[in-house]
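Analysis of the macromolecular model
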Amino acid sequence: MPSYTVTVATGTQWFAGTDDYVYLSLEGTEGCSDRHLLDKPFYNDFERGAVDSYDVTVEEDLGEIQLIKIEKRKYWYQDDWYLRYITVKTPMGDYLEFPCYRWITDEKEVVLRDGRAKLPRDDKTQILKQHRRKELETRQKMYRWKEWHPGFPLSIDATSHSDLPRDIQFDNEKGIDFILNYSKAMENLYINRFMHMFQSSWSDFADFERIFVRISNTISEYVMQHWKEDFMFGYQFLNGCNPVLIRRCTEIPKKLPVTMDMVECSLERNLTLEEEVKQGNIFIVDYELLDGVDANKTDPCTMQYLAAPICLLYKNLENKIVPIAIQLGQKPGPDNPIFLPSDATYDWLLAKIWVRSSDFHIHQTVTHLLRTHLVSEVFSIAMFRQLPAVHPLFKLLVPHMRFTIAINTKAREQLICECGLFDKANATGGGGHVQMVQKAMKDLTYSSLCFPEEIKAKGMDSKEDIPYYYYRDDGIKVWEAVKSFVEDVIHIYYESDEVVCEDVELQAFVKDIYIYGMRGVKSSGFPKMIRTREKLAEYLTVIIFTTSAQHAAVNFGQYDWCSWIPNAPPTMRCPPPTEKGTVTIEQIVESLPDRGRSCWHLGAVWALSQFQDSELFLGMYPDEHFVEKLVKEAMVKFRKNLDEIVNTIAERNKKKKLPYYYLSPDRIPNSVAV
């Protein structure tokens, strides 16, 4: 009688093993095997990290094995089991791989296909077509869209982390408990002792050092020492944690009536302001989105304020970007002066602090929350709803969706919800952040997520003109490496543009993103359909780059750049100045966050800047969803390209007092998971 050797690999996660009864049956082109009991509880098989083998004897040859059916039956209590993969050695000596990488949580039968990736047109038999269809029908019931706030991209239909399908939950929910992590962070940073003086002000800038944790050779300490300097202010627009707003100024806007007389002392080339603009030496950052946003009113004892500044910057003869004019409101007038470097020291310093505070708000809510977290969740939900596990694009994308829905659900549960942690320290808490996302949706376009295109659209693409824009330089390298890898995979499975057009599952995935993610807004530029391999490569690169590199670039520098509170105030307790010559050091300190809010802020940027336990970085694919040799070769090539980028960045950083490493591939997690 024919005998098959079945090997079963259990996951290494905590509680991945099981003591339940496990049954298996094989289904081939010539028939099905009986239901075999692989293990009894007291045999101690299926332990965490175990690989167990069994001989399964059948009456007759089953032909080509198409499906494996696994069933788990309760022993004493319901015992979840994480199944990595199953391999089958046939009587002919062939090896078949059946990837799973799922939690088996109940007593329902789980059906696995072999690991070869297949497009819908590749399935010829009714049994495989039916399995494919049934998997998507089941997933679409589990992964439902829901509107969290009007005007937002749709998110998962779940009110808490525990409501999520088991496969996308964190292994350890405590690890992503924001309240627990913030409290732990404040304890680790020794700042809990200030919380009893929650609403009291600091005495002066030096007083902020009492909660500042010195970590040798970090950017944060350099920021603390140089934050008042114009070069440091300008540098952050290029390489800080929000390096996405600066654009080349092609015309001074009428709402910023800067004259040559105002800025002449800041210009170094003996040119007029108009000539400097024409030569491409003037840059602008406009915080118009904050105009009209309601400031946090959740604490009646502390007034909080927002501003919507416009900042003009200049590339000097050393190629450094420095500020030359700041207007703190959008409407020019006598009560909205333009602050200049030639003004009194404290006037100019407070104007820069207001810009840094506004930058923090845009960074947190738009650059970080909307344009990485919420967008990545859209990609993730659409993938689970429309791409079965056998689809090559599911296999390609699933590592980049790891824990994204879970972290966003937890954030809605604890962080950005009404009365959540966001309200404790941020001037945009209490609903302002919701207004910001709603306003920012009009600028969330497909082209703005195409990294090289967005850099070019802002006039920031010339390395010769702007030589110290490391966010751009490293980002382009990573974008090209990802795109090259994606193209290699696409050409393995799609031999022509016609095959792309015919892939109904791909088209449903793209349509889901357009309709639910972008709310069907035509002006978003998101495609409703993809017709060519070239466009597909770009589309998938947008997804992978956004969920990995873009998030890394704007998330993991938060402690570096925001832990020195005066450089990134999460709230301001006095309104913006309406005249010059009146600002004092006491007024500045009184405007900055009080002790309690400073502590919450510091705990937040620390917690948000930490990698997850067992983090998987770009190019790391320990779960072998692909079994084909050609794809594995493409992965090796991808890792080699990434290693070269790592080495290039490391070599450059050796000579830098301010190293830029957020887009080094060895520091880019595969997915949005924190």
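Residues numbered from 1 in each chain as written. Predicted model: local features only at pLDDT ≥ 70, side-chain atom pairs only at ≥ 80, totals over all residues. Heavy atoms only, no water.

**Side note on the domain arrangement of the chain**
Note the cut-off: Residue ranges assigned to the domains are those given by an automatic or database domain assignment. Two residues form a contact once any of their heavy atoms are found within 4.5 Å. By convention, the term buried area covers the 1.4 Å-probe accessible surface removed from two parts as they join, with the contributions of both added.
Considered domain by domain, the chain is made up of domain 1 (3-114) and domain 2 (145-169 + 367-550 + 619-667). Once you take the C-alpha centre of each, domain 1 and domain 2 turn out to be 34 Å apart. In this assembly, nine residues from domain 1 lie in contact with nine residues from domain 2. In total, domain 1 and domain 2 occlude about 880 Å² of area from one another, counting both sides; carbon and sulfur atoms represent 52% of this.

**Describing the pattern of salt bridges**
Side chains bearing opposite charge may pair, as long as their charged atoms lie close to each other. Worth spelling out the cut-off: Salt bridge, as applied in this entry: a Lys or Arg side-chain nitrogen positioned within 4 Å of an Asp or Glu carboxyl oxygen. Strands are runs of DSSP state E lasting at least two residues, helices are runs of H or I lasting at least four, and both sets are numbered from the N terminus onward. Exposure classes here rest on a 1.4 Å probe applied to the protein chains alone. A residue is buried below 20% of its type maximum, exposed above 50%, and partly exposed in between.
Here the structure, examined in full by the defined rule, presents 37 salt bridges. For Arg113, the salt bridge identified is with Asp123, shortest N-O distance 2.7 Å. Linking Arg113 in strand β9 (residues 110-113) with Asp123 in the loop between β9 and α1 (126-142), this pair joins segments that are ten residues apart in sequence. A residue is classified by how much of its surface remains accessible, and Arg113, at 9% relative accessible area, is buried. Between Asp465 and Arg248 there is a salt bridge, with the nearest N and O atoms lying 3.6 Å from each other. In this pair, Asp465 is assigned in the loop between α14 (451-457) and α15 (470-493) and Arg248 in strand β12 (residues 247-248), connecting sequence segments 217 residues apart. We classify Arg248 as buried; its relative accessible area is 18%. Several salt bridges converge on common partners, so that one network encompasses Arg35, Glu71, Arg73 and Glu107.

**Let's talk about a negative patch on the surface**
Formally: What goes into a patch is any residue over 30% in relative accessible area without a salt bridge, connected to like charges within 9 Å or, for nonpolar side chains (Val, Leu, Ile, Met, Phe, Trp, Tyr), within 5 Å. All accessible-area figures derive from a Shrake-Rupley calculation using a 1.4 Å probe, and residue coverage is judged against the displayed protein chains alone. For the purpose of counting charges, residues Lys and Arg are taken to be positive, whereas Asp and Glu are taken to be negative. His and the chain ends are not included. In plain terms, the charge of a residue is placed at NZ if it is Lys, CZ if Arg, CG if Asp and CD if Glu.
A cluster of acidic side chains, namely Glu30, Asp34, Glu59, Glu60 and Asp61, defines a negative patch on the protein surface. By the secondary structure assignment, Glu60 is in the loop between β5 (51-57) and β6 (65-73). On the basis of relative accessibility, which here comes to 60%, the residue Glu60 falls in the exposed class.

**Structural notes on helix α4 (residues 219-226)**
The buried fraction of α4 is high, at seven of eight residues. Looking at the buried positions of α4, the neighbouring elements they touch are α5 (230-239) and α19 (558-562).

**Brief notes about unusual backbone geometry**
What you tend to see is this: most non-glycine residues have negative phi, and most peptide bonds are trans. We note that Asn270 has phi near 60°; this positive angle belongs to a residue other than glycine. Mapped onto the secondary structure, Asn270 falls in the loop between α6 (260-263) and α7 (273-278). Looking at Asn270, the relative accessible area reads 81%, which means it is exposed. A positive phi angle, close to 70°, is found at Phe403, a residue other than glycine. Topologically, Phe403 is positioned in the loop between α9 (392-397) and α10 (404-415).

**Side note on the nonpolar core**
Defined as follows: The term nonpolar core refers to a set of buried residues drawn from Ala, Val, Leu, Ile, Met, Phe, Trp, Tyr and Cys, joined through side-chain atoms within 4.5 Å.
Ile246, Tyr494, Phe509 and Trp561 are the most contacted members of the largest nonpolar core, which has 170 residues in total. In terms of residue count, helix α8 (residues 345-386) provides more of this core than any other element does, 20 residues in total. The contacts of Tyr494, once residues within four sequence positions are left out, are Leu119, His391, Leu393, Val499, Val500, Asp503, Leu506, Arg533 and Leu536. Counting residues in each nonpolar core, the second largest holds 25 residues, with Leu24, Val56, Ile65 and Val88 among its members.

**Re the environment of Val8**
With respect to the helices and strands, Val8 occurs in strand β1 (residues 3-10). Beyond its immediate chain neighbours, meaning those up to four positions away, Val8 contacts Leu38, Phe46, Ala50, Val51, Asp52, Tyr54, Trp81, Leu83, Tyr85 and Ile86.

**A few points about the sheet that holds β1**
Quick reminder of the rule: Think of it this way: DSSP has to see at least two bridges between two strands before they count as a pair. A fitted line through C-alpha atoms serves as each axis, taken over the contacting stretch for helices, and the angle formed by two N-to-C directions is quoted from 0 to 180°.
Taken in spatial order, the four strands line up as β5-β1-β7-β8 in an open sheet, and their pairing is antiparallel. At either margin of the open sheet sits one strand with a lone partner, and together these are β5 and β8 (95-104). Neighbour to neighbour, the strand axes of the sheet diverge by 20° on average, direction disregarded.

**Let's talk about the sheet that holds β12**
Strand order in the open sheet made by the five strands is β12-β13-β14-β15-β16, with antiparallel pairing throughout. Only two strands of the sheet have a single partner each, and these edge strands are β12 and β16 (338-339). Bridge count for strand β15 (residues 321-327) against β16 is two bridges, and the pairing is antiparallel. Its bridge partner being in β16, Gln327 is matched across the sheet by Ile338. Along the sheet, α5 contacts β13 (282-286), β14 (310-315) and β15; its crossing angle with β15, the most-contacted strand, is approximately 95°. In the packing of α8 onto the sheet, the strands contacted are β15 and β16, and the crossing angle to β15 comes to about 95°.

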